[in-house]
Amino acid sequence: MVTSISASFPHLILPKGQIKDGLYSALRDAILDGRLKASTKLPSSRALAEMMSISRNSVLAAIERLLDEGYLFTKPSSGTYVAEVVPDQLIHIQESSEKTPINHHHALNINPNMDALLSSWREQACSSQKKRMFHVGVGCIDLFPHQLWGKLLTRAWRQSYYQLGQFHDPRGYLPLRQAICEYVQSTRGLNCNEQQIIIVNGTQQAIHLTAYALLQANDEVCLDEPGYDAAFNIFRSFGAQVNLIESDEEGMQISKITDYYSKSKLVYTAPSHQFPLGETLSLARRFALLDWANSQEKWIFEDDYNSEFRYGTHPIQALQGLDQQQRVIYSGTFTKMMFPEFRLGFMVVPEALIETFSAAKYYTDVRSSYLEQVALALFIQQGHYARHVRKVRKACYERQQALIKAINEHLSDIVEVQPTDSGIHLIGWLKGTWSEQDFINHCSALDLAIQPLSRYCQITTTKAAVLIGYAAHQPEEIIENIKELALILKK
Ligand SMILES: Cc1ncc(COP(=O)(O)O)c(C=O)c1O
């Protein structure tokens, strides 16, 4: 049966200049709302073109697209028909299966170690709706030199003409690895060569690759408490047993590792800026940790994520630079200094692990994307990165001071903050009977992204505190929002 196509969508008016798209959409809508039923044969392209007074080429283009997308199919020597199952139905089926509740996922045969990731992922997905202010972990995005970056990307793309297809090393673009190597030697006191550098898609991938390369189920790993939840979840998802090590004013309590958890294969630490409390690991504890790792042949993962956000003093030398025996796997990231969507970071791995980590990277995603690596190499080589770091440090310090002043003036009866000489968030200790939940509920009313400290605690704590990110906002904005929050909290 040949359908009268004009009867199927009598009000079809194809907009001028968009005939192909208009016809495509009209046919697709008619299929989706059932005016064109499954297995219906379409008129020939010539007949359709005549009926609609449009060119046959436009009809052919629209039909071809619908064939490619699976709305239509052809039967040889017969014609073109509406498909039995259209892609939107498939998408709908997939969407509804994604909504399977978490406690049903055993029935789906999912790796039970994914529990560690899934519960936290769901919590995070709920809380990460767009909020206005005080994001934790976001740097000074307003200071990023967008135009310059655009020029460097264009230049990188132009020069790529000669380089595409020649980019084979899973460790990344060599000039970038060389530029990073020089930079971290001079600014962080690292002891390395460019062969040890592996470009990754941020610290999260560095942790992932480390777990992939080193851990077997039930291996023990030590981690700070409170600490970086992503590291905890990733290690658990590899079946590792995670030993939680508390911090005090000298940073992670290394004696707990050497006395009680000496069987651990790996220690994750952020010695220059503990997350989320911000302490620095004392020199004595750095040496104690290195001594233990050397004598017991253990690995240390050094997360140096915030080391460039340091105000006042010169950055403290990285643990990797003190390591004489190559037991430290170092990780640095650009996501804070550049912008959160910029997913590049790097690892500096011991020489003995270069091959293992190259293979781990290769079998994860072959290598990180080329274009941004080339632009970043130019950005560092031409001195823009160092300049940007200086500018960000100065602004961040002013923003931190504005936050401290605003809290002391308007919220001092509820929150106590201590200045720190590093980082991009402050810890606010809650006073009196304020619970984290009460405080966060008030923040949500104002769309503030302030987070409870308990989010980063695996062990229940009685000390109530919140994390307030300040790097992404101008001082005036910070002051206004703290005033507004004070009014709401004191109502
Ligand atoms: C402790 C810690 N390390 C590293 C990072 C950065 O991770 P990435 O480089 O994957 O963005 C974060 C992010 O907020 C963090 O909190």
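Computed from a prediction, not measured in an experiment: that's the story for all the values here.

**A closer look at the overall build of the protein**
So, point 1. Scanning the protein for helices and strands turns up 18 helices and 14 strands.
So, point 2. When the backbone C-alpha atoms are referred to their principal axes, the protein occupies close to 85 × 60 × 50 Å.
So, point 3. When each of the 491 residues of the protein is scored for burial, the buried share is 50%.
So, point 4. For the protein, the share of sequence-separated contacts (at least 6 apart) that also reach a separation of at least 24 residues comes to 71%.
So, point 5. Here the protein displays about 24,100 Å² of accessible surface, and carbon together with sulfur accounts for 52% of that area.
So, point 6. Of the charged side chains in the protein, 47 are positive and 52 negative, and the gap between their average positions amounts to 7 Å.

**Let's talk about the packing of helix H9 (residues 203-214) against helix H10 (residues 229-237)**
So, point 1. Direction vectors running N to C along H9 and H10 enclose 25°, while the axes themselves pass 10 Å from each other. As summarised for this structure, H9 and H10 are arranged roughly parallel, according to the angle between their axes. When the axes of H9 and H10 are compared, the crossing they make is right-handed. Residues Gln204, Ile207, His208 and Ala211 of H9 form the contact with H10, whose own contacting residues are Ala230, Ala231, Ile234 and Phe235.
So, point 2. Split by residue class, the contact of H9 with H10 holds six nonpolar, two polar and no charged.

**What about the site of the ligand?**
So, point 1. With respect to spatial proximity, the complete set of residues near the ligand consists of Gly202, Thr203, Gln204, Tyr228, Tyr268, Phe275, Asp303, Tyr305, Thr333, Thr335, Lys336 and Arg343.
So, point 2. Interatomic distance of 2.9 Å between a side-chain N/O atom of Thr335 and an oxygen atom of the ligand.
So, point 3. Here an oxygen atom of the ligand and a side-chain polar atom of Lys336 are 3.2 Å apart.
So, point 4. With the chains in place, 91% of the 400 Å² that the ligand exposes on its own is no longer accessible.

**What to know about unusual backbone geometry**
Trans is the common state for peptide bonds, and a negative phi is the common state for residues other than glycine.
So, point 1. Residue Pro226 follows Glu225 across a cis peptide bond; omega there is -10°.
So, point 2. Within the secondary structure, Pro226 sits in the loop between strand E4 (220-225) and H10.
So, point 3. With an omega of 5°, the peptide bond running from Phe275 to Pro276 counts as cis.
So, point 4. Within the element layout of this structure, Pro276 appears in the loop between strand E7 (266-269) and helix H12 (283-296).

**Some remarks on the sheet that holds strand E11 (residues 415-417)**
So, point 1. Strand order in this open sheet of four strands is E11-E12-E14-E13, and the pairing throughout is antiparallel. Of all strands in the sheet, those bounded by a partner on one side alone are E11 and strand E13 (451-452).
So, point 2. In terms of strand pairing, strand E12 (residues 425-430) meets strand E14 (residues 465-469) through five bridges, oriented antiparallel. Counted as the bridge partner of His425 is Gly469 from E14.
So, point 3. The strands touched by helix H16 (residues 384-410) are E11, E12 and E14; relative to E11, the strand with the most contacts, the crossing angle is about 145°.

**A word on the layout of surface pockets**
So, point 1. Within this model, the second largest pocket holds a volume of roughly 570 Å³.
So, point 2. Of all the secondary-structure elements, those providing two or more residues to the lining of the second largest pocket are strand E5 (241-248) and E12.
So, point 3. At four residues, the largest contribution of residues to the lining of the second largest pocket is made by E12.
So, point 4. Its residues placed into classes, the lining of the second largest pocket shows 10 nonpolar, nine polar and six charged.

**Overview of the pairing of strand E10 (residues 345-348)**
So, point 1. The side-chain alternation of E10 yields two buried faces, one formed by Gly345 and Met347 and the other by Phe346 and Val348.
So, point 2. In this sheet, E10 lies alongside strand E3 (residues 197-200) in antiparallel orientation, the contact comprising four bridges. Bridge pairing in E10 places Ile198 opposite Met347.
So, point 3. As judged from the four bridges shared by strand E9 (residues 328-333) and E10, these two strands associate in the antiparallel manner. Each residue of the ladder has a partner; that of Tyr330, found in E10, is Val348.

**Some details on the environment of Gln373**
So, point 1. Residue position: Gln373 is located in helix H15 (residues 370-381).
So, point 2. Judged by its relative accessible area of 0%, Gln373 falls in the buried class.
So, point 3. A sequence separation of 201 residues divides Gln373 from Gly172, and the C-alpha atoms of the two residues are 7.8 Å apart.
So, point 4. In this view, Gln373 contacts Phe167, Gly172, Tyr173, Leu176, Ile199, Leu344 and Ser368; residues no more than four positions away in its chain are not counted.
So, point 5. At 2.9 Å, the side chain of Gln373 and the backbone oxygen of Ser368 are in polar contact.

**Section: the pattern of salt bridges**
So, point 1. Scanning the model with the defined rule gives 17 salt bridges in all.
So, point 2. Where Asp248 meets Arg285, a salt bridge forms, and the shortest distance between an N and an O atom there is 2.8 Å. You can see Asp248 sitting in strand E5 and its partner Arg285 sitting in helix H12, a full 37 residues away along the chain.
So, point 3. Assessed through its relative accessible area of 16%, Arg285 is described here as buried.
So, point 4. With a closest N to O distance of 3.6 Å, Lys394 and Glu398 form a salt bridge. Taken together, the residues span about one helical turn, with Lys394 and Glu398 both in helix H16 at a distance of four residues.

**So, the sheet that holds strand E6 (residues 251-252)**
So, point 1. If you trace the eight strands from one edge of the open sheet to the other, you get E3-E10-E9-E8-E7-E4-E5-E6, paired in mixed fashion. One side of each edge strand has no neighbouring strand; the edge strands of this open sheet are E3 and E6.
So, point 2. Sitting on the sheet, helix H14 (residues 354-365) is in contact with E3, E9 and E10, with an inclination near 20° to E3.

**Here's the deal with the packing of H16 against helix H18 (residues 475-489)**
So, point 1. The interhelical angle for the contact between H16 and H18, taken along N-to-C directions, is 25°, at an axis separation of 9 Å. The orientation of H16 relative to H18 falls into the category roughly parallel. The handedness of the crossing between H16 and H18 comes out as right-handed. Across the interface between the two elements, Arg399, Ala402, Leu403, Ala406, Ile407 and His410 from H16 touch Pro475, Ile478, Ile479, Ile482, Lys483 and Ala486 from H18.
So, point 2. Here the residues of the contact of H16 with H18 sort into nine nonpolar, one polar and two charged.

About the thresholds
Residues numbered from 1 in each chain as written. Predicted model: local features only at pLDDT ≥ 70, side-chain atom pairs only at ≥ 80, totals over all residues. Heavy atoms only, no water. Helix = DSSP H or I, 4+ residues; strand = E, 2+ residues; numbered from the N terminus. Buried < 20%, exposed > 50% of the residue type's maximum accessible area, 1.4 Å probe, protein only. Contact = heavy atoms within 4.5 Å. Areas by Shrake-Rupley, 256 points an atom, 1.4 Å probe, with all protein chains shown as cover. Lys, Arg positive; Asp, Glu negative; His and termini not counted. Charge placed at Lys NZ, Arg CZ, Asp CG, Glu CD. Axes fitted to C-alpha atoms, helices over the stretch in contact; angles between N-to-C directions. Parallel < 35°, antiparallel > 145°, perpendicular 65-115°, else oblique. Left-handed = near helix turned anticlockwise from the far one by under 90°. Nonpolar A, V, L, I, M, F, W, Y, C, P; charged D, E, K, R; others polar. Near = heavy atom within 4 Å. Polar contact = N/O pair within 3.5 Å; in protein donor to acceptor, adjacent residues only side chain to side chain. Pairing = 2+ DSSP bridges. 1 Å grid on protein atoms, 1.4 Å probe; cavity = no way out; pocket = protein on both sides within 12 Å on 5 of 7 lines; lining within 4 Å. Points joined across faces, edges and corners; volume = space filled by probe spheres on them. Salt bridge = Lys/Arg side-chain N within 4 Å of Asp/Glu carboxyl O.

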